[in-house]
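The primary structure of each chain is shown beneath.
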Amino acid sequence: LLYLAVSCTFFLLPFTLVQAYCYSATLTGAVFLPFALIMGVLSSWAGGLIDRWGAKWPLVLGPLVVAAGLTLFARPLGDGRYWTTFAPMTLMGLGMALTAAPLTTVVMGTVDPDKAVSTPRSPEIGSAGSAEVDVVAVELDAAVEANARG
């Protein structure tokens with residue numbers, strides 16, 4: 001559900017920014033910079049949290065922080081200035097950084113090394129799963145929008 005919510009937001013937000021707030025394509029792309037920078041900088045640090053805290057706390061706190069960012073996006077963006085999107089994107093980036101690396105570590109750690117098959121396609125399988133979540137998110141968005149319009 002976490003990845004579904006983030007995918008829905010990343011799909012719908014650019015439309016909202018361009019159509020409702022007259023953002024340019026460049027400014028719309030810049031809205032996503034805090035998320036990308038925080039994920040890039042903090043992911044390795046967040047992976048080390050498992051050694052100190054275990055997997056439970058990052059996997060509980062991360063989605064809660066993402067939910068706080070999504071909640072900020074649920075309210076109107078006021079006059080639509082760039083900084084009205086900065087806090088939600090920052091929270092979403094922090095929450096996903098807290099979640100992604102520990103989640104990957106836990107999932108990979110559950111595989112028995114004796115039964116694991118090393119394949120160069122392993123990253124492709126993860127990417128395919130992520131792409132499927134994105135497709136489902138877009139389909140759900142379309143269904144909700146169609147239902148809302150009657």
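Our subject is the structure listed above.
Presented here is an overview of the structure given in this document. (Residues numbered from 1 in each chain as written. Predicted model: local features only at pLDDT ≥ 70, side-chain atom pairs only at ≥ 80, totals over all residues. Heavy atoms only, no water.)

Re the nonpolar core
The following threshold applies: Throughout this description, the term nonpolar core refers to a set of buried Ala, Val, Leu, Ile, Met, Phe, Trp, Tyr and Cys residues connected via side-chain atoms within 4.5 Å. A simple rule labels every residue: compare its accessible area, found with a 1.4 Å probe on the protein chains alone, to the largest value its type can have, and call it buried under 20%, exposed over 50%, or partly exposed in between. Strands are runs of DSSP state E lasting at least 2 residues, helices are runs of H or I lasting at least 4, and numbering of each runs from the N terminus. It only takes one pair of heavy atoms within 4.5 Å for two residues to be counted as in contact.
Ranked by internal contacts, the top residues of the largest apolar core, which has 19 residues, are Leu 13, Val 31, Met 89 and Met 96. Among the secondary structure elements, those contributing two or more residues to this core are helix 1 (2-21), helix 2 (25-31), helix 3 (33-53), helix 4 (56-74) and helix 5 (83-109). The residues contacting Val 31, other than those within four sequence positions of it, are Leu 13, Leu 17, Tyr 23, Tyr 82, Thr 85 and Met 89.

Thoughts on the environment of Met 92
Position of Met 92 relative to the elements: it lies in helix 5. The sequence separation of Met 92 and Met 39 amounts to 53 residues, and the corresponding C-alpha distance is 9.3 Å. Setting aside its immediate chain neighbours within four residues, Met 92 contacts Val 6, Thr 9, Phe 10, Phe 35, Val 66, Gly 69, Leu 70 and Phe 73.

Examining the packing of helix 4 against helix 5
Basically, it comes down to this: Between N-to-C directions, angles span 0 to 180 degrees; the directions come from axes that are lines fitted to C-alpha atoms, helices contributing only their stretch in contact. Any angle between 65 and 115 degrees counts as roughly perpendicular, while under 35 counts as roughly parallel, over 145 as roughly antiparallel, and the rest as oblique. Each crossing gets its handedness from the near helix: less than a right angle anticlockwise from the far helix is left-handed, clockwise is right-handed. We call Asp, Glu, Lys and Arg charged. Ala, Val, Leu, Ile, Met, Phe, Trp, Tyr, Cys and Pro are nonpolar, and the rest, Gly among them, are polar.
The contact between helix 4 and helix 5 brings their axes to 7 Å, and the two run at 155°. Taken as axis vectors, helix 4 and helix 5 run roughly antiparallel relative to one another. Crossing angle aside, the handedness with which helix 4 passes helix 5 is left-handed. Partitioned by chemical class, the residues of the contact of helix 4 with helix 5 number 20 nonpolar, 5 polar and no charged.

Focus: the packing of helix 1 against helix 5
Here helix 1 crosses helix 5 at 150°, and the two axes come no closer than 12 Å. By the angle class used here, helix 1 and helix 5 are roughly antiparallel. Of the two elements, helix 1 crosses helix 5, and the hand of that crossing is left-handed. Counted together, Leu 2, Tyr 3, Val 6, Thr 9, Phe 10, Leu 13 and Leu 17 of helix 1 and Thr 85, Met 89, Met 92, Met 96, Thr 99, Ala 100 and Leu 103 of helix 5 form the full contact between these two elements. Looking at the contact of helix 1 with helix 5, its residues break down into 11 nonpolar, 3 polar and no charged.

Points about helix 4
So the rule is basically this: Expected helix span is taken as 1.5 Å per residue step, with the number of steps being one fewer than the number of residues. Regarding the arc, it is the one traced by the directions from the helix axis to the C-beta atoms.
Given a rise of 1.5 Å per residue, 19 residues ought to cover 27 Å, and the 27 Å separating the end C-alpha atoms of helix 4 matches this to within 8%. Taken together, the buried positions of helix 4 are Pro 58, Gly 62, Val 66, Gly 69 and Phe 73. Around the axis of helix 4, the buried residues are gathered within 55° of arc, so they sit on the same side. Exposed side chains of helix 4 directed beyond 90 degrees from the buried face belong to Lys 56, Leu 64, Thr 71 and Ala 74. Tucked into the core, helix 4 has its buried residues touching helix 1, helix 3 and helix 5.

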